Amino acid sequence: EFLGPTSDNYFGFSRYENDTNGFGGLVDDLRLYRSALNRDQLLQIATLEGKRGTLLIHHDFSKSNNEEVYDASLFQTKASLNNNARIVSLGDESSGIFNVLNLGETNGYLDLGEAAGSLLAQCTEYTLSAFYRIDSDYSRLNQNGNMLWNFSNSVNMAGDQNGFLAASLKDLKFNITPTSADATGNQDLTFGKPALQGSWHHLAYTQKGTIGKLYLNGVEVASKTITQTPTSALVKSGSNGTSFNWLGRSCYFADSYLGNTMVYDFRLYNRALSSEEIANSELKAITTLALLDEATQVSIAEEKTAESSNWLFGISLIG
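Below is a short write-up of the structure.

What counts, and at which threshold
Residues numbered from 1 in each chain as written. Predicted model: local features only at pLDDT ≥ 70, side-chain atom pairs only at ≥ 80, totals over all residues. Heavy atoms only, no water. Helix = DSSP H or I, 4+ residues; strand = E, 2+ residues; numbered from the N terminus. Buried < 20%, exposed > 50% of the residue type's maximum accessible area, 1.4 Å probe, protein only. Contact = heavy atoms within 4.5 Å. Areas by Shrake-Rupley, 256 points an atom, 1.4 Å probe, with all protein chains shown as cover. 1 Å grid on protein atoms, 1.4 Å probe; cavity = no way out; pocket = protein on both sides within 12 Å on 5 of 7 lines; lining within 4 Å. Points joined across faces, edges and corners; volume = space filled by probe spheres on them. Nonpolar A, V, L, I, M, F, W, Y, C, P; charged D, E, K, R; others polar. Core = buried A, V, L, I, M, F, W, Y, C linked by side-chain atoms within 4.5 Å.

Notes on the overall build of the chain
Right, so step 1: Helix and strand counts for the chain come out as six helices and 16 strands.
Right, so step 2: Taking all 319 residues of the chain together, the buried fraction comes to 42%.
Right, so step 3: Considering only residue pairs separated by 6 or more positions, the chain has 64% of its internal contacts joining residues 24 or more positions apart.
Right, so step 4: Surface summary for the chain: the accessible area is close to 17100 Å², and the carbon and sulfur share equals 49%.

Quick look at the structure:
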């Protein structure tokens, strides 16, 4: 009665002879309702009502292969490694083991994918966050670019001037604009000093209402009225959000890639985290920085030990 007098009713099978039949997957708890369910009802049925949360993107780099990195959040977006960027492990059982993104020496970057841009574009209040470590011998930090994260509508922002959001480690600066950095509508928030090198640090940007805040290592270092949001600045006609979303690469051709740098735990929330959440309870910036530094020193010591052993072995062979 509900469906009408249909006699052939299938799931995973088509009545068109030319269709590819057979569903290549697993299905559980198939249901049919006679009315349209609302969002809360669907979340309850899917047992996701307690997982809606606010964490939209979470790259902890725990799952990856040589080409792809898998998001640990509910949305499970995929990112791709480019130009010798790779995932490496730091530390041991005593220090803790951390999987981190190594951007390489020249032009490596992580492509977060278009889905990441669509998720950011839905936000009017949000938090962007990541840990980073720039090698002490990195010499290009004074050049334009050096983007920790970048969400843009073009790979040629100087020419297209159609909107981007980014954070640069050159001067610890956050930008959001519907045009370009030197055109009408650009808004920025900056600490005004280059990122420190040779140890781990944490950068977070939050927006609540029209107040943007920049946090360094869990401490608020800059605050300013920012009226632009990803929704207002980045969504263009015919798009759901930015198409070019990267860690380690700028949307300006002439800019420097962020080289000789490791990145850990990149996140996007659709709310502004508090200073307490950033420093201690949610992101645990203070304790995580100490653990990352310890794990890095363990790895450096292991590399030096291996080099010394090889050198001594070589000498003994010559003798």
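What to know about the environment of Phe 151
Right, so step 1: Within the secondary structure, Phe 151 sits in strand E8 (residues 147–152).
Right, so step 2: As for Phe 151 and Ala 167, which are separated by 16 residues in sequence, their C-alpha atoms are 9.6 Å apart.
Right, so step 3: Every residue in contact with Phe 151, bar those within four places of it in the chain, is listed here: Leu 112, Ala 116, Gly 117, Leu 120, Leu 128, Phe 164, Leu 165, Thr 242, Phe 244, Asn 245 and Phe 266.

Points about the layout of surface pockets
Right, so step 1: Looking at the second largest pocket, its volume works out to about 300 Å³.
Right, so step 2: In this structure, the second largest pocket is lined by 17 residues; those nearest its centre are Asn 144, Met 147, Lys 173, Asn 175 and Ala 181.
Right, so step 3: Taken together, the elements giving at least two residues each to the lining of the second largest pocket come down to strand E9 (164–168) and strand E10 (173–177).
Right, so step 4: The element best represented in the lining of the second largest pocket is E9, accounting for four residues.
Right, so step 5: The residue makeup of the lining of the second largest pocket, split by class, is six nonpolar, five polar and six charged.

Quick word on the nonpolar core
Right, so step 1: Judged by nonpolar contacts, the single largest core of 46 residues is most densely connected at Tyr 126, Trp 149, Leu 165 and Leu 169.
Right, so step 2: Residues Leu 90, Val 100, Leu 289 and Leu 292 belong to the second largest nonpolar core, which totals 11 residues.

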